[in-house]
Amino acid sequence: MKLIRPTRWSLRRKLVVACVAVEIFAIALVWTGAARLMQHALEDQATAQSQEVLGLLEQALAAPLAQRDYATVQQTLDLVRHPQAIHYMVLFDHANRQIASSGWDPLKPLPPRDSGAIDLDRPDQTLHLEAPIALAGQAMARLELGLSTQRLREVRDEFRFNVLWIGALALALSVVLLIAIASALTRNLAALSRASRQVAAGHFDVALPVHTRDEAGRMAAAFNTMAANIQERVVALQRSEQQQTQLLDVARQERARLTTLLGALQIGILFVDAQHRVVYANALFSRIWSLNGLQPGTPLQEIVPLLNRQVDAGSAGLLEMMLRTGTEHPFVDRDIVTRDGRLIAQRMQVVGTAADGQGGCIWLHEDITQSRQTEQRARLALVDPLTDLPNRRGLYEALDKALVQVSASSRGLVLVFIDLDEFKHINDKSGHRVGDEILVTVAQALTEALRPDETVARLGGDEFAILSPGSSAKDAQSLALRLTQVIAALRFDIGDQSQGVGCSMGLALYPAHARSADDLIACADTAMYQAKLNGKNGWCLYRDDVAHSRAESERVIWNGRIYRALRDQRLRVHYQPVMRMSDMGIAYHEALLRMVDEDDATHLIAPAAFVLHAERSGKIRQIDRWVFETCIGMLARSRASVRIAANLSPRSLDDAGFVGFLRDALHRYDVDPRRLHIELTETAAMGDLIAARPMIAALRSVGCAVHLDDFGSGFSSFAHLKLLEVDGIKIDGNFVRDITSDPSNRLVVSSLIEIARSMNKSTVAECVEDAATLEALRELGVDHVQGFHLGRPASKLIETRAPDAHIRLVAEDGDILGEQVNRSKA
């Protein structure tokens, strides 16, 4: 609808203009009425005058006409006609012949006669009339004449003029009077208008003067009261607006913080009301369940089926509980398992109550897959997967905490190292499965025998450690006797015999023997070695007497020999081929370490004799670097198709500079990293996952393939293989060696191959010492094979395979080497 723009005239002007218009209209009406009256009066006057003139003419002309005295008739006409009263006269006889005329040209036709109202505005100013001339009632002639209307017109115009100036004077006087009256009436209204505009502009302190008690005065007083009330209300509104602005700013800040918080939380949030309709859902909830966003008001009944499609059958009921759980029903936190293997923690928080209709629930869904995996990895890094006891790293952490506690309380600690006697013989003879059962049983027995303030750990292999409060030799002796009795009471069914295991224990005291964790462990280890030298199946308290410690002497001697071998370059690397099962071609060579005997240069010492001492002294890191640089140099001198695999010791896993050294050596020799394979023992990798995982990732980032050596030695191998991103596994030779005669070993090897294949990892079987073993491995689908049947270690790379030849590794003087070590690793 189009709005009409209001006029800007003042009320005073409107009143004056309106009154003047009314007066003009009234004057117009008076003028019209007077004009009509004047017209009628003039017409009546003209009619009377014409009747009078005609009567006189009829009397004057009747006698001459009767006598046919036309001259007298003509004189009479000329005498009677006055130019200002009668313009012309023409007389016709009864035969319509013109017999006399005055003031008219006989040759011209007469104008038509007038009938009806007199027109005073006609140009000729003449009233044309016709009248008969009769005598004694007998028509004798017809007279046509023109009477002048000039006098009538003058009278009319004079009347009009008088009416106009009188009306104009009256109008002028009335306008002046109206202006005075309008000013008096609108003065207060004008003041009120100005005050209203000031109020509209925000000036509420305006006040109108009250001079009278009439309506205008009461209106001014009411306006003043209204302005004061408005001012109070405006002040109150301004204060309220300031408060609302402050509260709005606070609310916006809180909302921004809440939005940021909800966005930062790694938890999916779904808020539903008491009617199970969505009130709010954050973006993470939709991402967790692969939804396209949830709109407020969406019924929960439409959402739960979408979630059920993504979970396994066992978790569907947990999601259905979202429909049944309300503000008055208890809810227990649960974990939901999805079909893609994720773990979703489901929690619920009640909001309000359903009584007021404002209640609801907040459902919290958190993807805890990675956190659980991290917790599992962290636990595995500190826990031995076979026995579920703390591992070596776990023992170090427990020992550090215990040292802090006993230092503050001035108490002492007893550390016991336990080594099971003849365990290696039982393990090799009866298999790893029996060996693992013995380890698990011993771990359970030790755990049950300990007091609440004592800790047991498995260090690896058949070694355990006990940490117990105590500061005297008597405390250590009591603990040793108790542990010896526990292990001696264990019996194991091995074959057809019931057999027990002995143990050798070494004990060290804090602070009597050492004041640091490393020193205390070294003392306990030395004491255990002393116990084994003393005849096994016993215990020995650490003695700080090197002269009487054969173990310490032997360790010192070997450390010296290792140092001199590194200094005099008496370390050697031999290479044993690893064959592809598909075509029996050489896939790569494994590098095997040897030491030249300083007393007999023709004799090579196997690594089993010195590697343990090198690891304990820390020189193994230097040896590792020497071996890898030697292998890289050999690759640089060989064809591009040649590949070499070398073993990395457990002590190098936490060597922060090894990866940089390896990358630099490959660059200096210009060798493709893919030609170098790196092998880690499963025991070393699983025993220290925290160090192994980043080291494996770093080695693979260089470009080298990483394999697990001696894989399958524990029940935990299958479960934890996915935790290590390796390229392949080498199956433990103890399973391969008897694969043709032991069905359980064949089953283990088959399972390892299938698991590795499902994880897209290559497999290598070592200890292939005859054709039957090779054929059995071919049937199981192993990828690579290695062993004496295929090729013995040699100082030079073997370019072709010789499965039927009896190859021996021969030193420079022809002595046969490597008989005292594992044949496949000789």
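If you're wondering where the values come from, they're calculated on a predicted model, not measured in any experiment.

A. Spatial organisation of a negative patch on the surface. On the surface, E397, D400, D518 and D519 cluster together into a negatively charged patch. When residues of the negative patch are traced back to their parent elements, those giving at least two are α9 (392-409) and α13 (517-533). Assessed through its relative accessible area of 36%, E397 is described here as partly exposed.

B. Quick peek at a nonpolar patch on the surface. Where nonpolar side chains cluster on the molecular surface, the patch consists of F161, W165, I166, L169 and L173 and spans about 550 Å² of accessible area. The partly exposed category is assigned to L169, whose relative accessible area is 45%.

C. Fine view of unusual backbone geometry. In this structure, the amide linkage connecting Y510 to the following residue, P511, adopts the cis form with an omega of 10°. Along the chain, P511 turns up in the loop between β15 (503-510) and α13. Phi is positive for N760, which is not a glycine, with a value near 60°.

D. Focus on the side chain of T298. The residue T298 is located in the loop between α5 (283-288) and α6 (300-308) in this model. By relative accessible area, T298 is classed as buried at 18%. Here the side chain of T298 touches Q295 through a polar contact of 2.7 Å, landing on its backbone oxygen. Apart from residues lying up to four places away in sequence, T298 is in contact with H276, R277, V278 and I303.

E. How the structure looks around the sheet that holds strand β4 (residues 138-148). Strand order in the open sheet made by the four strands is β2-β1-β4-β3, with antiparallel pairing throughout. The sheet terminates laterally at β2 (98-102) and β3 (126-135), the two strands that pair on one side only. Geometrically, the sheet is characterised by an average inter-axis angle of 15° between neighbouring strands, direction not taken into account. Set on the sheet, helix α2 (residues 70-80) makes contact with β1 (86-93), β2 and β4; between it and β2 the angle comes to about 25°.

F. Region of the structure containing helix α7 (residues 313-324). When α7 is considered as a whole, its buried residues turn out to be S315, L318, L319 and M322. Seen end-on, α7 carries its buried residues on one side only, within an arc spanning 95°. α7 presents A313, G314 and R324 as exposed residues on the side facing more than 90 degrees away from its buried surface. Those residues of α7 that are buried lie in contact with β5 (268-273), α6, β7 (334-337), β8 (343-351) and β9 (360-367).

Rules used throughout
- Residues numbered from 1 in each chain as written.
- Predicted model: local features only at pLDDT ≥ 70, side-chain atom pairs only at ≥ 80, totals over all residues.
- Heavy atoms only, no water.
- Patch = residues over 30% accessible without salt bridge, like charges linked within 9 Å, V, L, I, M, F, W, Y side chains within 5 Å.
- Areas by Shrake-Rupley, 256 points an atom, 1.4 Å probe, with all protein chains shown as cover.
- Salt bridge = Lys/Arg side-chain N within 4 Å of Asp/Glu carboxyl O.
- Lys, Arg positive; Asp, Glu negative; His and termini not counted.
- Charge placed at Lys NZ, Arg CZ, Asp CG, Glu CD.
- Helix = DSSP H or I, 4+ residues; strand = E, 2+ residues; numbered from the N terminus.
- Buried < 20%, exposed > 50% of the residue type's maximum accessible area, 1.4 Å probe, protein only.
- Polar contact = N/O pair within 3.5 Å; in protein donor to acceptor, adjacent residues only side chain to side chain.
- Contact = heavy atoms within 4.5 Å.
- Pairing = 2+ DSSP bridges.
- Axes fitted to C-alpha atoms, helices over the stretch in contact; angles between N-to-C directions.
- Arc of directions from axis to C-beta.

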